[in-house]
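Residues per chain are reported as follows:
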Amino acid sequence: MQGNDIKLSYTVMRSLRRLEVLGNHVNIKSRTCSSVTPPGHGSSITVTPSVGMVDEPVNIHIRGLDAKQTVTVVADVVENGMRFESRCVYQADRNGEIDNFSSISVDGSFKGIEPMGLFWSLRCLSAPKQSARLVKKDVSTPMNFSIKVYPDVHEEHVPCCQPIMEAKVQRLYKKPGVRRIQLTGKFRGAIFIPEGNGPFPGLIDMFGGLVSIVETRAALLASHGYATLALSYMHVRTIPGFEDRPDAEVIYMQEAYEWFMEQDYVDKHRLGAVGLCFGGLLSLTLAYILPQVRAVVNINGLSVTPVDDWFMHEQPGWPKLENVYLTHEGIVVKDGFALDDRISPVRAWKHGAKILVIVGEDDKQVDPNSHTDFYELCPNEFKHLIEIHRYPGAGHLIEPPYSPHVRATTPGRKRMRTSAVVPEKFYDEDIMAGGWPDKHAHAQEDSWKKILNFLEKNVKNVNRR
Amino acid sequence: MSLSDDDVLVLIRNKEMTARVSYTIQKSLRRLNVLRNHMTVLTRVCTSLANQSHGPCITVTPSVGMVDEKVNIDVRGLDAKQIVTVVADVEENGMQFESRCVYQADGNGEINNFSNESIDGSFKGIEPMGLFWSLTCLSSPKKSARLVKKNVCTPMNFNIKVYPDNQNKVTLTQEPLTETRVQRLYQKPGVRRIQLTGRFKGAIFIPEGEGPFPGLIDMFGGLVSLIETRAALLASHGYATLALSYLHGEGLPDMLYDADFNYIKEAYEWFIEQDYIDKNRLGAVGLCFGGFMSLALASVLPQIRAVVNINGITITPEENTIMCNSADWLDKEKVFNTEEGVVITDVYDCDNPWPVPAWQHGAKILVIVGEDDKQVHPKWHTFYYESCPSQFKANIKVHRYPGAGHMIEPPYAPHTRAVTPGRKRMRTINFVPEKFHDEDMMAGGWPDTHAHAQEDAWMKVLNFLEENVRSVSQ
């Protein structure tokens, strides 16, 4: 053992030293993440930060349980008259503690180690098909979550005991200081202006064709320092003169953007566009039309069409409604946009704009392969402008991080009809979005970072290179 | 982590190793693994925007949060072992406050406020929130300006910038390597603030929701008109809180000796009748003279379940008398000047001190003591505890903080060893002789020990109120 003595003890010493350092880190981490701890008796849950931005993670720490005790943690929130709930089952460690960053959920609406699982696995309890989407309508107020801990494995819908402890968490879309201005004239939607004097880099933000307006991403972008125009375009065909024009949405968007960039709080040299779904198609088109757009983010939006300048021409027979089919989860519309003969990309690179494409590979509304076509059809001298990020297992609605995932949504008759991509026989069905909860959640988290970094580099800091 | 499991496996296979030693190593390895996971997730928690590309990048999380919660500051993309200066600054009430610290990046070019040691600057050592509590005023000549947020409804906006090298004492002229902003809130969104405009002056903070809520009164000391910071925070923790102004305002007395206990009592009695107040769950919190008044309220109002006295005087010179005009008490001769400011700890000395019996209706009492208090002598809290009749002693808890001064405020509030009241305000403290009216008044305490005291005391205060006010009917 002689020769090994020295080596062994060095290894052990090294391990022990490392244990000590890491032990300190963990202690400090415990200090970080605990605000109020009742001394000794009783159990407690602390969620930090108790109020914070929706795109930042929270730490949930539970202590004072018995060693190895099993508990169910339930999160719930009410939005737009609907209750959403998620749950997970954790086992406390030997010290009777649970931490969402290290404990494994063994059951519930998510499994495994998923720190933000309670947020992205929220599902609507009231809606029959659980396909109600959790979208905050009023982004100026906090979203109030309640997190409760129950003993043992606590089943849904089973009336039970009182929670052994609970905490509330507030999550903000809009940083205090960001101003929201409602638009009331010809242009509908809202403008979010960051705190301070400006001028600020400017963005337009648009969602898809099935919603009137969703302001969540715009409020967050403004919280990250961009003056953002959340533009609603659903009503465009009711504006006199716009009824039958094939380019109604584009002209309207262009006018809105040109008006927006003239505002004194917008820096005309630092402009961009962000869009999901049809909003992505519109953003690419905007970059094609206006040289001032420096960067565009297309999230799962159509980027290839049957003809050049798609918005200038009626396209009879496209999308091909006969290609839309029904599954037990809802209708799948992506094949409606299939292109046989000509494939024409929206030439967003025309004026040198940088392009970021975010793709959910399980997207059921826009074919993930269309983004490959977009890239391949881009002339070689512009290809360097495009960055594509593909997310296996993510669906169509890639939203800011920790938004709950739904595999399908229920737009209702009226919206299905105005979308013009669905045959009448399917107006009452759900429309599939695709994606699997955990993969979709990870994709949202990662793509948001990519988007913010991309905008930071290509819009906010664009003059400084 | 470059400790290779293979290294140890080779050793384990060596037959000459005893079973006990291999068990120790395995246990260590298991622990290392667990802790390594913790560290990995800690890194995940605390990184929101990871700028994968190039150049130094600072992220502070949460980017907006409550002032009594900690923030994590991560700097990455530096060179290995690079020295940088991190500077925090904030503007309040027209004054600039700044703090600096000097860190050395680790082998990966990374810095974290929870693990790095500051080797120079306005604080030293491992102090996660040091940049906040070591802020000092740049403009004021004596650096004794106090950072107190006047408007608690708006966020406090901090800039955090990273500069190369040790630039602790240097005027900063270049662009920072990286910077970010942090917003800190006193008032949680949803908490409502109601300005009082009638006879009673101050503001009421009502938590979000329907109520009724447990109710508190919160008062500061005799040198200020109104500070709402603690009341806003208490409301953010679920208590309907009356931040009462009792001096230096319209319709209010100026002189400390004119402070009217009956006004305070009547304000409290009015407050507890409001429909958002749960009359069975009431308390009182105060700093300095406000602490004294809180003890007095508990001694006359049986409804008060719990009192927090932070460095407030606990006695009067006359039995059964709260408001005293005794000429012997608060003797001017006992005030002395030092190079840091006047010290008034000794003015309360008297022959027959009478402890204000806050215990007599069964209220629980929490006393927070800064042992370096230069305004109220810490001995009065010992005296208070000792004077308490034995049947009530179990209701009093005294927490003493060595190295903490008079103004123990919510956590991470910067510390000052003295304040500059100015002639006009100093004059209202009748026991300060006129020759000292232009002096600073000492508060005491040392920055780091005072900061740690604020952090710990706040937890004690919140737990005490949780147990003895909020959860009391249960």
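So, a few notes on the structure that sits alongside this text. Each residue is numbered by its place in its chain's sequence as written, counting from 1. Ligands are numbered from 1 and chains lettered from A, in the order in which they are written. This being a predicted model, a pLDDT of at least 70 is required before a residue's local features are given, and a value of 80 or more before pairs of side-chain atoms are given or counted; all residues contribute to the totals for chains, interfaces and linings. Hydrogens and waters are ignored; side-chain quantities use all the structure's heavy atoms.

### Things to note about helix α5 (residues 261-271) of chain B
Residues and elements named next belong to chain B.
Turning to step 1, where the next piece is worked out: Residue exposure (1.4 Å probe, protein chains only): buried if accessible area is under 20% of the type maximum, exposed if over 50%, otherwise partly exposed. Strands are runs of DSSP state E lasting at least two residues, helices are runs of H or I lasting at least four, and both sets are numbered from the N terminus onward. Listing the buried residues of α5 in full gives F261, Y263, I264, A267, Y268 and F271. Burial along α5 is one-sided: seen end-on, the buried residues are contained in an arc of 165 degrees.
Turning to step 2, where the next piece is worked out: Contact between two residues is taken to exist if any of their heavy atoms lie within 4.5 Å; hydrogens are not considered. Contacts from the buried residues of α5 go to β12 (201-206), β13 (213-219), β14 (240-245), β15 (277-287), α6 (289-300) and β16 (304-310).
Turning to step 3, where the next piece is worked out: Between N or O atoms, a polar contact is any pair within 3.5 Å; within protein, one atom must be a potential hydrogen donor and the other a potential acceptor, and residues adjacent in sequence are included only when both atoms are from side chains. Sitting at the amino-terminal end of α5 is D260, which places a side-chain oxygen 2.9 Å from the backbone nitrogen of N262. An arc is given here, and it is the one of the directions from the helix axis to the C-beta atoms.

### Here we look at the sheet that holds strand β1 (residues 57-61) of chain B
Residues and elements named next belong to chain B.
Turning to step 1, where the next piece is worked out: With antiparallel pairing, the three strands of this open sheet are ordered in space as β1-β3-β6. The open sheet has two edge strands with one neighbour each: β1 and β6 (111-112).
Turning to step 2, where the next piece is worked out: Only strands joined by at least two bridges in the DSSP assignment are considered to pair. Across two bridges, the pairing between strand β3 (residues 72-76) and β6 is antiparallel. Each residue of the ladder has a partner; that of V75, found in β6, is I111.

### What about the environment of N166(B)?
Residues and elements named next belong to chain B.
Turning to step 1, where the next piece is worked out: For N166, the location among the structural elements is in the loop between β9 (156-164) and β10 (178-185).
Turning to step 2, where the next piece is worked out: With 21 residues separating them along the chain, N166 and A145 place their C-alpha atoms 26 Å apart.
Turning to step 3, where the next piece is worked out: At a separation of 3.2 Å, a polar atom in the side chain of N166 contacts the side chain of D120.
Turning to step 4, where the next piece is worked out: A polar atom in the side chain of N166 sits 3.0 Å from the backbone nitrogen of N168.

### As for the packing of aromatic side chains
Turning to step 1, where the next piece is worked out: Ring pairs shown here join Phe, Tyr and Trp side chains whose ring centres sit within 6.5 Å, with only the six-membered ring taken for Trp; geometry is labelled stacked below 30 degrees between planes, edge-to-face above 60, and tilted in between. Scanning all chains against the criterion turns up 22 aromatic pairs over all chains.
Turning to step 2, where the next piece is worked out: When the ring of Y233(A) is compared with that of F278(A), the centres are 5.7 Å apart and the planes differ by 45 degrees; the resulting orientation is tilted. Here Y233(A) is found in the loop between β14 (227-232) and α4 (248-261), whereas its partner F278(A) is found in helix α5 (residues 278-289), with 45 residues between them in sequence.
Turning to step 3, where the next piece is worked out: You can call Y233(A) buried: its relative accessible area is 7%.
Turning to step 4, where the next piece is worked out: Looking at F278(A), the relative accessible area reads 23%, which means it is partly exposed.
Turning to step 5, where the next piece is worked out: Each residue in the set Y233(A), F278(A), W310(A) and F311(A) is aromatic and connected to the rest through ring pairs, giving one cluster.
Turning to step 6, where the next piece is worked out: One residue, R184(B), lies across the ring of F132(B), its end atom 4.9 Å from the ring centre.
Turning to step 7, where the next piece is worked out: Comment: the charge-over-ring label is applied if NZ (Lys) or CZ (Arg) is within 6 Å of the ring centre and within 35 degrees of the ring normal. We note R470(B) situated over the ring of Y239(B); from NZ or CZ to the ring centre the distance is 4.7 Å.

### Re the pairing of strand β16 (residues 293-299) of chain A
Residues and elements named next belong to chain A.
Turning to step 1, where the next piece is worked out: The element β16 is extensively covered by neighbouring structure, given that six of its seven residues are classed as buried.
Turning to step 2, where the next piece is worked out: In this structure, strand β15 (residues 266-276) lies alongside β16, joined through six bridges in parallel fashion. Its bridge partner being in β16, A273 is matched across the sheet by V296.
Turning to step 3, where the next piece is worked out: Pairing of β16 with strand β21 (residues 354-360), which is carried by five bridges, proceeds in the parallel orientation. Within the sheet, the bridge partner assigned to V296 lies in β21 and is I355.

### Considerations on the packing of helix α3 (residues 216-223) of chain A against helix α8 (residues 437-460) of chain A
Residue and element names in this part refer to chain A.
Turning to step 1, where the next piece is worked out: Following both chains from N to C, one finds α3 and α8 inclined at 50 degrees, their axes separated by 12 Å at the closest point. Overall, the two elements α3 and α8 adopt an arrangement that is oblique. In this structure, the crossing between α3 and α8 has a hand that is right-handed. Of the residues in α8, those touching α3 at R217, L220 and L221 are W448, L452 and L455.
Turning to step 2, where the next piece is worked out: Polar here means any residue outside two lists: the nonpolar Ala, Val, Leu, Ile, Met, Phe, Trp, Tyr, Cys and Pro, and the charged Asp, Glu, Lys and Arg; Gly therefore counts as polar. A breakdown of the residues in the contact of α3 with α8 according to their chemical character gives five nonpolar, no polar and one charged. Comment: axis = line fitted to C-alpha atoms, over the contacting stretch for helices; angle = value between 0 and 180 degrees taken between N-to-C directions. Throughout this description, any angle smaller than 35 degrees is read as roughly parallel, any larger than 145 degrees as roughly antiparallel, any in the 65 to 115 degree range as roughly perpendicular, and the remainder as oblique. By convention the crossing between two helices is left-handed if the near helix lies anticlockwise of the far one by an angle smaller than a right angle, and right-handed if it lies clockwise.

### Remarks on the sheet that holds strand β13 (residues 200-206) of chain A
Residues and elements named next belong to chain A.
Turning to step 1, where the next piece is worked out: Taken in spatial order, the eight strands line up as β11-β12-β14-β13-β15-β16-β21-β22 in an open sheet, and their pairing is mixed. Each edge of the open sheet is held by one strand with a lone partner, namely β11 (179-183) and β22 (386-391). Strand-to-strand twist of the sheet, defined as the mean angle between neighbouring strand axes without regard to direction, takes the value 15 degrees.
Turning to step 2, where the next piece is worked out: Pairing of β21 with β22 involves six bridges; the strand directions are parallel. Counted as the bridge partner of I355 is I386 from β22.
Turning to step 3, where the next piece is worked out: Across the sheet, helix α6 (residues 369-376) touches β16, β21 and β22, and the angle it forms with β22 is around 160 degrees.

### Quick notes on the nonpolar core
Turning to step 1, where the next piece is worked out: Definition of nonpolar core: a set of buried residues of the types Ala, Val, Leu, Ile, Met, Phe, Trp, Tyr and Cys, connected through side-chain atoms within 4.5 Å. The biggest cluster of nonpolar side chains holds 215 residues, and the ones touching the most others in it are L455(A) and L465(B).
Turning to step 2, where the next piece is worked out: With nine residues, helix α9 (residues 447-470) of chain B is the single largest residue contributor to this core.
Turning to step 3, where the next piece is worked out: Once residues lying within four places of it in the same chain are set aside, the contact partners of L455(A) are L203(A), L221(A), Y226(A), V274(A), V297(A) and K460(A).
Turning to step 4, where the next piece is worked out: In terms of nonpolar packing, the next biggest core, distinct from the first, is built from 64 residues, I239(A), I251(A), F337(A) and F374(A) among them.

### Comments concerning a nonpolar patch on the surface
Residues and elements named next belong to chain A.
Turning to step 1, where the next piece is worked out: Two joining distances apply to patches: 9 Å for like charges and 5 Å for nonpolar side chains (Val, Leu, Ile, Met, Phe, Trp, Tyr), and every residue must have over 30% relative accessible area and no salt bridge. Note that accessible areas follow from Shrake-Rupley with a 1.4 Å probe, and for residues the cover is restricted to the protein chains shown. By convention in these notes, a salt bridge is any Lys or Arg side-chain nitrogen within 4 Å of a carboxyl oxygen on Asp or Glu. A contiguous nonpolar patch, built from I104, V106 and I113 and spanning about 270 Å² of accessible area, is present on the exposed surface.
Turning to step 2, where the next piece is worked out: Checked against the element boundaries, V106 lands in the loop between β6 (98-99) and β7 (107-108).
Turning to step 3, where the next piece is worked out: We classify V106 as exposed; its relative accessible area is 53%.

### Quick word on the environment of P355(B)
Residues and elements named next belong to chain B.
Turning to step 1, where the next piece is worked out: By the secondary structure assignment, P355 is in strand β20 (residues 354-355).
Turning to step 2, where the next piece is worked out: For the pair P355 and I264, spaced 91 residues apart in sequence, the C-alpha separation works out to 19 Å.
Turning to step 3, where the next piece is worked out: Once residues lying within four places of it in the same chain are set aside, the contact partners of P355 are T314, I315, F383, Y384 and S387.

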